[in-house]
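# Per-entry structural report
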Amino acid sequence: METILLGFSTLIEPSVLTFLILGVFCGLIVGSIPGLNENIAFAVFIPFSFSLSPTHALALMVGVYCSAAVGGAMPAVMIKVPGTASAVLTSIDGNALVRKGKPNTALGIAIFSSVFGGLSSAIVLMFFAPVLAAVALKFGFVENFSLCILGLAAVVGMLEKNILKGILSAAIGLFIATIGLSLETGFPRFTFGSSNLYEGVPFVPMLIGMFGISAALELAEEIFTERKLNLHISELPQIKGSLLLPFSMIKRLLPTWMTSAAIGNVVGVLPGAGMLMAIYIAYNQAASRYKRKFKETGKHTNWGEGTPEGIAAPEASNNAVVASSMVPLLSLGIPGNSVSALFIGALMIHGMVPGPLLFINFPHIAWMIMVSFVVANIVMGPVAIFVAKYVSGMVYRLPKQVMVPTIALLCLTGAYADGNSLFNIGVALTSGVLGYFFVKIGIPHAPIILALVLGQKLEDSLSNSLAISHGNWLVFFDPLNHPISLGLMLLSFFFIILPLFKYVKAMRTKGLETG
Amino acid sequence: MSVITKTDFWLSLLVLSGGIWAFFQSRLFDDASRSYPLFLSALFILLGLALLFKTIKDSDNQLQSITYLYSRVSGPLLVALLLVVWVLLLMMNIGYLLSSIIILLPVLWLLGYRNITFILIMAAGVVAVIFILFWILFDIPLPLNPFLENVLH
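Description of the structure in this document.

Each helix and strand in chain B was counted, giving six helices and zero strands. From first element to last, N terminus to C terminus, chain B shows the α and β order α-α-α-α-α-α. Here chain B has a C-alpha radius of gyration of 23 Å; the compact-globule value for 153 residues is 15 Å, and the former is much larger. Taking the principal axes of its C-alpha atoms as reference, chain B extends roughly 60 × 45 × 25 Å. Taking all 153 residues of chain B together, 41% fall into the buried category. In chain B, the proportion of contacts linking residues at least 24 apart, taken out of those at least 6 apart, comes to 56%. Element-wise, carbon and sulfur atoms account for 73% of the exposed surface of chain B, whose accessible area totals about 8400 Å². If the 7 positive side-chain charges of chain B are averaged to one point and the 7 negative ones to another, these points end up 13 Å apart.

Structure below.
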């Protein structure tokens, strides 16, 4: 309780609270712009955090992270163009309900569901992160190595259909992490004689490029390929009156909210799983439940044609992923998804390293982050209603042609600001172009980022573990001295083997069918 | 369709050759620093071979072709190329403001705007806002052209 109060006392400072609310507002705006998401917002924002105190910077980032998904739901519901990828399913029933003349109900459901999901995950974060962190403090080199392997295995394993490219992506990240002076002897590795690379590839510019520049290039691609596609957003439906939901609707949606939020929380805690997996599971679960419940009556709308549950399920689940994805980051130092990886950049700028030691060295920051998620989700409801009614309509109309150069210039200038170095601009631009190509050829970003974060820790803990055990690789599977490591290794094995098993099974079935 | 028209085929060759290069580079490191990069380069070689095998096996399926990829990325690559030119201009001490405006003009034109006055106003506006944000609001010095630097200081 004392620690929660510590978090509140840090957050309650008027300027910090103002930054949190500003973050919520910015997140809603960013999310409302089709093509932009919280990754881009963070990539653009990270350089600005140099000039802010850590509390202000992190409060702003938490606000943006919490509300971007709700912002994404607004154009999804109103014009059937998802503002963020996590709103792709919301657009089906949401827009169908709008076309039936009920935009208020559709937006109200999206906002209420998001607040419910977000609050549930904030509570999960507050209770699980400190407990896990306390356990993680007992970890030695052996356990840390197994933990890194588990993080990588979970991320790669989630990419069931693309496991080979997932492993390749992780290997690229691990390789980039080896660039620089060797941790053990200081021998320069893959530096090509450049002193700029002695401390490794600069992490923040690389993140900025990988997310910001590659997103700008993707937006440019959209402009080039869809120039002829004109959306008639001049015919926006009018939002008049209240967006509050009647009690009967809240009562009806409560089971969907609870189930979807639970799904989102579980998926969020798993490193690399992400919002898309959560929304699809929650949506399918809600669909089967809806069909089962209303099959006999025959009086209700068909699934996908404007059912309230079809909006509530994806919105509750995607917001439930938000705070719960911070559980592995804050407690173990392993980012749950790309956005939480970007948090590492912001923390590093202020000399902090996420993980169990954050709770010891900077308890006010660790607890402030967790409390901020609760407050941001509470604030998000009224701010989202305001934005939906008065601001978002203007935001959908922002031309992408202006956004591309603005994002690119902001990101590259931001990369320069990290050390006032032109070399950093080169890093951001190179990683941006590479990141864009990776997307095009199906190499996912998440494993690269995770491997970059874990790379040095992995090598360090591996070499130390082997030194302690006199080169015995079985030390990671020792049930007597390192049972936690054994458990983590078995779990990693499970994450990798299960999708491989499914893949082989699918190939066999395909082989039997074709001949 | 021939396997060499597939992007995954070229990717596998790239990974394979990258792995071989990294393997030989790693052998030049001292004993304590080489084992981990050697392991990673071996992993790259294995992944390259696995991807090559998979591409040859699935070559009849809907794998992405080089021509399709080129049709998608050629436009954005032009934008990226202009950004490279921007970096070169910065390295030549042209200064942040001027080089940014010079580059935004063709970028905006490339993205579809044709009204020169609008492009000029937009480019100058975007650059001015970003400059004010970094230089004045966040007190982060940006690379200026020597003449302007003298004026500002």
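Applying the stated rule across the entire model yields 20 aromatic pairs over all chains. When the ring of Phe190(A) is compared with that of Phe29(B), the centres are 5.1 Å apart and the planes differ by 80°; the resulting orientation is edge-to-face. With Phe190(A) in the loop between strand S2 (188–189) and helix H9 (203–225) and Phe29(B) in the loop between helix H1 (7–26) and helix H2 (31–57), this pair bridges two chains. One exposure class covers both Phe190(A) and Phe29(B), and it is buried. Centroid distance Phe359(A) to Trp367(A): 6.2 Å. Interplanar angle 85°. Geometry classified as edge-to-face. Judged by its relative accessible area of 8%, Trp367(A) is buried. Pairwise contacts between aromatic rings join Phe175(A), Phe187(A), Phe190(A), Phe192(A), Trp21(B), Phe29(B) and Phe44(B) into one cluster. Note that Arg114(B) overlies the ring of Trp109(B), its terminal NZ or CZ placed 4.1 Å from the centroid.

Counting residues at the interface gives 58 residues for chain A and 59 residues for chain B. Interface of chain A and chain B: buried area, both sides summed, is about 5100 Å²; carbon and sulfur atoms make up 80% of it. Together, Leu164(A), Phe190(A) and Leu409(A) form the three largest contributors to the area buried by chain A at its contact with chain B, with a combined 12%. Counting the contacts that link chain A with chain B gives two salt bridges. There are seven residue pairs in polar contact (both at pLDDT 80 or more) connecting chain A and chain B. Elements that contribute at least two residues to the side of chain A that touches chain B include exactly helix H8 (163–178), S2, H9, helix H17 (400–417), helix H18 (422–440), helix H19 (445–468) and helix H20 (483–514) of chain A.

We now examine a nonpolar patch on the surface. Residues Phe493(A), Ile497(A), Leu500(A) and Phe501(A) make up a contiguous nonpolar surface patch of roughly 410 Å² in combined accessible area. The class for Leu500(A) is partly exposed, based on a relative accessible area of 34%.

This brings us to the side chain of Ser485(A). Residues and elements named next belong to chain A. By the element assignment, Ser-485 lies in helix H20. The exposure class assigned to Ser-485 is buried, which follows from its relative accessible area of 0%. When residues no more than four places from it in sequence are discounted, the contact partners of Ser-485 are Val-142, Glu-143, Ser-146 and Phe-476.

The phi dihedral of Phe192(A) is positive, around 55°, even though this residue is not glycine. If you trace the backbone, Phe192(A) turns up in the loop between S2 and H9. Residue classification places Phe192(A) among the exposed residues on the basis of a relative accessible area of 66%. For Asn93(B), which is not glycine, the phi dihedral falls at a positive 65°. Within the secondary structure, Asn93(B) sits in the loop between helix H3 (66–91) and helix H4 (96–110). Judged by relative accessible area, which is 48%, Asn93(B) ranks as partly exposed.

Judged by nonpolar contacts, the single largest core of 192 residues is most densely connected at Leu125(A), Phe343(A), Ile369(A), Phe373(A), Trp86(B) and Tyr96(B). The biggest single contributor to this core is helix H16 (residues 363–395) of chain A, with 19 residues. If we skip the residues at most four places from it in the chain, Phe343(A) touches Phe42(A), Leu58(A), Met61(A), Val62(A), Tyr65(A), Met326(A) and Leu329(A). Leu147(A), Leu332(A), Ile334(A) and Leu466(A) belong to the second-largest nonpolar core, a separate cluster that totals 30 residues.

What follows concerns the environment of His364(A). For His364(A), the location among the structural elements is in helix H16. Each residue touching His364(A), except ones within four places of it in the same chain, is listed here: Leu6(A), Gly7(A) and Thr10(A).

The next subject is the environment of Thr105(A). Structurally, the position occupied by Thr105(A) is in helix H6 (residues 103–136). Ignoring any residue separated from it by four or fewer positions in sequence, one finds Thr105(A) in contact with Leu97(A), Leu245(A) and Met249(A).

Bringing a positive patch on the surface into the picture now. All names here are of chain A. On the surface, Lys-80, Arg-99, Lys-100 and Lys-102 cluster together into a positively charged patch. Secondary-structure assignment places Lys-102 in the loop between helix H5 (90–99) and H6. Judged by relative accessible area, which is 44%, Lys-102 ranks as partly exposed.

Time to look at the pattern of salt bridges. For the coordinates displayed, the defined rule picks out six salt bridges over all chains. As a salt-bridge pair, Asp8(B) and Lys165(A) come within 2.8 Å of each other at their nearest N and O atoms. Taken as a pair, Asp8(B) in helix H1 and Lys165(A) in helix H8 lie in two separate chains rather than in one. We note that Asp8(B), like Lys165(A), is buried. The salt bridge involving Arg252(A) is made with Glu309(A); its shortest N-O contact spans 2.8 Å. Taken together, the residues Arg252(A) in helix H10 (residues 247–269) and Glu309(A) in helix H12 (residues 308–324) connect sequence positions 57 residues apart. Overall, Arg252(A) belongs to the partly exposed group, its relative accessible area being 23%. By relative accessible area, which is 3% here, Glu309(A) ends up buried.

The rules we used
Residues numbered from 1 in each chain as written. Chains lettered and ligands numbered in written order. Predicted model: local features only at pLDDT ≥ 70, side-chain atom pairs only at ≥ 80, totals over all residues. Heavy atoms only, no water. Helix = DSSP H or I, 4+ residues; strand = E, 2+ residues; numbered from the N terminus. Rg over C-alpha atoms; globule rule 2.2 N^0.38 Å. Buried < 20%, exposed > 50% of the residue type's maximum accessible area, 1.4 Å probe, protein only. Contact = heavy atoms within 4.5 Å. Areas by Shrake-Rupley, 256 points an atom, 1.4 Å probe, with all protein chains shown as cover. Lys, Arg positive; Asp, Glu negative; His and termini not counted. Charge placed at Lys NZ, Arg CZ, Asp CG, Glu CD. Phe/Tyr/Trp six-rings, centres within 6.5 Å; stacked < 30°, edge-to-face > 60°. Lys NZ or Arg CZ within 6 Å of the ring centre and 35° of its normal. Buried area = accessible area lost by both parts, 1.4 Å probe. Salt bridge = Lys/Arg side-chain N within 4 Å of Asp/Glu carboxyl O. Polar contact = N/O pair within 3.5 Å; in protein donor to acceptor, adjacent residues only side chain to side chain. Patch = residues over 30% accessible without salt bridge, like charges linked within 9 Å, V, L, I, M, F, W, Y side chains within 5 Å. Core = buried A, V, L, I, M, F, W, Y, C linked by side-chain atoms within 4.5 Å.

Interpretation note: all reported values are geometric properties and have no functional meaning in isolation.
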